[in-house]
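For reference, the chains in residue letters:
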Amino acid sequence: MPQPLNYLKETASQTAGPYVHIGLIPAMAGFDIFEKNFSNMLATPNSQGERIVLEGKVLDGTGSPLRDVLLEIWQANAAGRYNHPADRSAGALEEEFRGWGRAGSDFDSGLVTFETIKPGAITDKTGRKCAPHVNVWIVARGINIGLNTRLYFSDEEASNAADPVLNLVEPAVRRKTLIATRSERAGKVVYSFTINLQGPEETVFFDV
Amino acid sequence: MNVQAPALQDPRLNRPEPFAPPHGDGGFFQRDRSMHPPAHAPGYKSSVLRSPRQALLSLENTVSEITGPVFGHNDLGPLDNDLIRNYAKDGDPVGERIIVHGRVLDETGRGVPNTLVEFWQANAGGRYRHKKDTYLAPIDPNFGGCGRALTDDTGYYYFRTVKPGPYPWRNYVNSWRPAHIHFSVFGSGFAQRLITQMYFEGDPLIPVCPILTTIPDKDALDRLVAPLDLNASTPFDSLAYRFDIVLRGQRSTYFENRTEGN
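It should be emphasised that the depicted structure is a prediction, and the values quoted were computed from it without experimental measurement. (Residues numbered from 1 in each chain as written. Chains lettered and ligands numbered in written order. Predicted model: local features only at pLDDT ≥ 70, side-chain atom pairs only at ≥ 80, totals over all residues. Heavy atoms only, no water.)

Of regular secondary structure, chain A possesses three helices and eleven strands. Reading chain A from its N end, one meets helices and strands in the order α-α-β-β-β-β-β-β-β-β-α-β-β-β. Taken against the 2.2 N^0.38 rule, which gives 17 Å for 208 residues, the C-alpha radius of gyration of chain A at 18 Å falls within 12% of a compact globule. Each principal axis of the C-alpha distribution contributes one length, and for chain A these read about 70 × 40 × 40 Å. Taken across its 208 residues, chain A has 59% of its residues classed as buried. Put simply, of all contacts in chain A between residues at least 6 apart along the chain, 67% involve residues at least 24 apart. Counting every atom, chain A has about 8,400 Å² of accessible surface; 52% of that belongs to carbon and sulfur. Of the side chains in chain A, 21 bear a positive and 25 a negative charge, and the two mean positions are spaced by 3 Å. (Helix = DSSP H or I, 4+ residues; strand = E, 2+ residues; numbered from the N terminus. Rg over C-alpha atoms; globule rule 2.2 N^0.38 Å. Buried < 20%, exposed > 50% of the residue type's maximum accessible area, 1.4 Å probe, protein only. Contact = heavy atoms within 4.5 Å. Areas by Shrake-Rupley, 256 points an atom, 1.4 Å probe, with all protein chains shown as cover. Lys, Arg positive; Asp, Glu negative; His and termini not counted. Charge placed at Lys NZ, Arg CZ, Asp CG, Glu CD.)

Written as structure tokens, this is what we have:
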């Protein structure tokens, strides 16, 4: 027998269930308990960059919106810098901008909304430039292990075309499932997205 | 002679670049999906329409995956890890008083320090304080059912609560969830993000639960079952259960001399 490696095994995932709001967004469950709550508002008054709204739905295999889904997003600031010590890139860090938020879908419409800033292009550890994007993590009843995907921006055509992750997606027709569409509404910049869990337009999900 | 020449220059600067350890790129160990429930698990009916059918696209970790949100004590309130007190209105909640404690580790066995652990559960009668829960068991006026904690420098966390009750749910006509507590854990990078559920040693509903049995590996399932930990109980006050959580290991050395999370 060779020496044992003795690695531990990752704890198994379990669904977040229909009552995920109790733990992660108690106000949506219908009560007030914590002094400080996490939210879908990532931008602070001092945040640099363009203020944007990310707005979309997660659709099931019949095309119906999930009305009990929870999304978290993780993103760099406008300078392309993540607020984390493992990001050693040169962009200026903004201590106040955590770059993370969570949102539950509306119980009636299924709409999910974040208010944030548009992230800058990322410089990876190898020096590659990556197109601006937001990392998305999705949990809900019926989702056994959290789903990872990304949102890119429709007005970043040149950098999207050169992005090393988007270029991994084959067939290329599926790349559009990762792109949020820019529009302006009542003076706000809105990027709209649809995440399809199944079907011909199924969103690209990553094994990260 | 013992007199050293003044160090005008760090002599290491003149050395060739040393061979780097083969695990320093900061990526996480590949996730072993045979330990996790598959997305499509027909015995858990809700998964049928909510499971992706295309293959996941394997992504070598970039800076987007090895970084993740950092939390601190400023994010929490003083009662956040005490579910017996954090929603109490006119007394303690009904139920068996328990302490739940353990460590958040990674696959190399190292504690994951300063990471956020969130937990939520039904009350002792199996009823959630949630506007969508209509089970006939009563709401407990003194129990909210959620809390959170930061792990310490060694990855240790603990909280106090009452033991949740089992409850029926619509899967088969007679499906019941074993008593469980939901856990959400972050780790140091967004690719470690995990939600799971903790079960209680000896619960006869464990082997017949359509959600728990989505896990294909018997040992992985057993690792979700917390043993009674009498040594950690408080005599004449609370029993204790021990629940360790393992997140993915990381091939990280290059920022090891900086404290993670600071």
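Below, the discussion takes up the overall build of chain B. Along its length, chain B carries two helices and twelve strands. The linear arrangement of helices and strands in chain B, starting from the amino end, is β-α-β-β-β-β-β-β-β-β-α-β-β-β. Of the contacts formed within chain B by residues at least 6 apart in sequence, a portion of 72% connects residues at least 24 apart. Summing over all exposed atoms, chain B offers an accessible surface of approximately 12,700 Å²; the carbon and sulfur share of this is 55%.

For the rest of this paragraph, the subject is the interface of chain A and chain B. Each partner contributes to the interface: chain A provides 77 residues, whereas chain B provides 93 residues. Roughly 7,800 Å² is buried in total at the junction of chain A and chain B, and carbon and sulfur atoms are behind 58% of that figure. Inspection of the chain A/chain B interface yields eight salt bridges. Measuring nitrogen to oxygen at the nearest pair gives 2.9 Å for the salt bridge that ties R150(A) to E65(B). Linking chain A with chain B are 46 residue pairs in polar contact (both at pLDDT 80 or more). (Buried area = accessible area lost by both parts, 1.4 Å probe. Salt bridge = Lys/Arg side-chain N within 4 Å of Asp/Glu carboxyl O. Polar contact = N/O pair within 3.5 Å; in protein donor to acceptor, adjacent residues only side chain to side chain.)

Here the focus is the pairing of strand 9 (residues 194-200) of chain B. Residue and element names in this part refer to chain B. Most of strand 9 sits inside the fold, with seven of its seven residues counted as buried. Here strand 9 shows two buried faces, one formed by L194, T196, M198 and F200 and the other by I195, Q197 and Y199. The pairing of strand 8 (residues 180-185) with strand 9 spans six bridges and is antiparallel. Counted as the bridge partner of F183 is T196 from strand 9. As defined by bridge partners, strand 9 adjoins strand 10 (residues 225-226) across two bridges and the pair is classed as parallel. Counterpart to F200 in the pairing with strand 10 is A226. (Pairing = 2+ DSSP bridges.)

Moving on: the nonpolar core. Core analysis: the biggest nonpolar cluster contains 38 residues, and V100(B), F183(B), M198(B) and F243(B) have the highest contact counts within it. A per-element tally of this core places strand 9 of chain B first, with four residues. Core analysis: the second largest hydrophobic core is formed by 36 residues, F107(A), V63(B), F71(B) and Y87(B) among them. (Core = buried A, V, L, I, M, F, W, Y, C linked by side-chain atoms within 4.5 Å.)

Here we come to the sheet that holds strand 10 of chain B. The five strands are arranged 4-3-8-9-10 (chain B) in an open sheet whose pairing can be described as mixed. The two strands at the open ends of the sheet, each matched to only one other strand, are strand 4 (146-150) and strand 10 of chain B.

Let us now look at the environment of Q48(A). Residues and elements named next belong to chain A. Inspection of the secondary structure assignment puts Q48 in the loop between helix 2 (26-29) and strand 1 (51-59). Taking the C-alpha atoms as reference, Q48 lies 33 Å from L59; in sequence the two are eleven residues apart. When sequence neighbours within four positions are dropped, the list of residues in contact with Q48 reads A78, E94 and I117.

Before going further, it helps to spend a moment on the packing of aromatic side chains. The final tally for this structure, using the stated rule, is 20 aromatic pairs over all chains. Arranged with centres 5.0 Å apart and planes meeting at 55°, the rings of F183(B) and F243(B) form a pair that is tilted. With a gap of 60 residues between them, F183(B) in strand 8 and F243(B) in the loop between strand 11 (239-242) and strand 12 (245-247) connect regions that are remote in the sequence. Of the two residues, F183(B) and F243(B), neither departs from the other in class, the shared state being buried. Linked through ring pairs, F119(B), Y157(B), F159(B), F183(B) and F243(B) together constitute an aromatic cluster. One cation-aromatic arrangement involves R148(B) over F34(A); the distance from NZ or CZ to the ring centre is 3.8 Å. Across the ring face of F186(B), the terminal group of R193(B) is positioned such that the distance to the ring centre comes to 3.7 Å. (Phe/Tyr/Trp six-rings, centres within 6.5 Å; stacked < 30°, edge-to-face > 60°. Lys NZ or Arg CZ within 6 Å of the ring centre and 35° of its normal.)

Scanning the model with the defined rule gives 25 salt bridges over all chains in all. The salt bridge involving K9(A) is made with D32(B); its shortest N-O contact spans 3.5 Å. Highlighted residues: K9(A) in the segment before helix 1 (20-24) and D32(B) in the segment before strand 1 (57-58), drawn from two different chains. Using a relative accessible area of 38% as the deciding quantity, one classes K9(A) as partly exposed. A relative accessible area of 29% means that D32(B) is categorised as partly exposed. Between D92(B) and R85(B) there is a salt bridge, with the nearest N and O atoms lying 3.4 Å from each other. When its relative accessible area of 41% is taken as the criterion, R85(B) is described as partly exposed.

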